[in-house]
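Chain by chain, the residues run as shown.
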Amino acid sequence: MPRHVRRICLLLGLVSGVGMSSALAADADHGADLARRWCASCHVVANGQTQASADVPSFASVARRPDFSPERLAFFLLDPHPKMPNFPLSRTEAGDIAAYIASLR
């Protein structure tokens, strides 16, 4: 499947989930657990974390960016890119991590 078609499909999947009930809303607590497990080796994911890579942004700095959007971040996490490991995140997990990062604003 061409990459642009894949991106459109992923975006449509994310957008279709935006109108779901609050019972299916992103879970920032679960996102925090995932971030500590998968992201903390490179990113500072929480206050008090003492070790991370120097050349990557902390989650708090990502949340404070003026153009930050949890939906756009979740889409970004689903699309493999060269600077990050290819974690097989589900849409729910990507949304949960994005919700956790949004909670750091």
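What you see is a predicted model, and the numbers here were worked out from it, not measured in a lab. (Residues numbered from 1 in each chain as written. Predicted model: local features only at pLDDT ≥ 70, side-chain atom pairs only at ≥ 80, totals over all residues. Heavy atoms only, no water.)

> I would appreciate a short explanation of the overall build of the protein in the present structure.
A count of helical and extended segments in the protein gives five helices and zero strands. Its helices and strands in sequence order give the protein the pattern α-α-α-α-α, from N to C terminus. The long-range fraction of contacts in the protein, counting pairs at least 24 apart against all pairs at least 6 apart in sequence, stands at 61%. By element, 58% of the accessible surface of the protein is carried by carbon and sulfur atoms, the whole surface being about 7,000 Å². (Helix = DSSP H or I, 4+ residues; strand = E, 2+ residues; numbered from the N terminus. Contact = heavy atoms within 4.5 Å. Areas by Shrake-Rupley, 256 points an atom, 1.4 Å probe, with all protein chains shown as cover.)

> Sorry, what's going on with the packing of helix 2 (residues 28-39) against helix 5 (residues 91-103) here?
Packed helix pairs are characterised by how far apart their axes lie and by the angle those axes make with each other. The geometry of helix 2 relative to helix 5 is characterised by a closest axis approach of 7 Å and an angle of 95 degrees between their N-to-C directions. Taken together, helix 2 and helix 5 sit at an angle that is classed as roughly perpendicular. When helix 2 is examined against helix 5, the residues Ala28, His30, Gly31, Ala32, Leu34, Ala35 and Trp38 are found in contact with a partner set consisting of Glu93, Asp96, Ile97, Ala99 and Tyr100. Looking at side-chain class alone, the contact of helix 2 with helix 5 contains eight nonpolar, two polar and two charged residues. (Axes fitted to C-alpha atoms, helices over the stretch in contact; angles between N-to-C directions. Parallel < 35°, antiparallel > 145°, perpendicular 65-115°, else oblique. Nonpolar A, V, L, I, M, F, W, Y, C, P; charged D, E, K, R; others polar.)

> Teacher, can you tell me more about helix 5 here?
Each turn of an α-helix holds 3.6 residues, which means side chains three or four residues apart point in the same direction. The end-to-end C-alpha distance of helix 5 is 18 Å, a good match for the 18 Å that 13 residues give at a rise of 1.5 Å each. Looking only at helix 5, the buried set comprises Glu93, Ala94, Gly95, Asp96, Ile97, Ala98, Ala99, Tyr100 and Ile101. Elements that come into contact with the buried residues of helix 5 comprise helix 2, helix 3 (59-63) and helix 4 (70-78). (Expected span 1.5 Å × (residues − 1). Buried < 20%, exposed > 50% of the residue type's maximum accessible area, 1.4 Å probe, protein only.)

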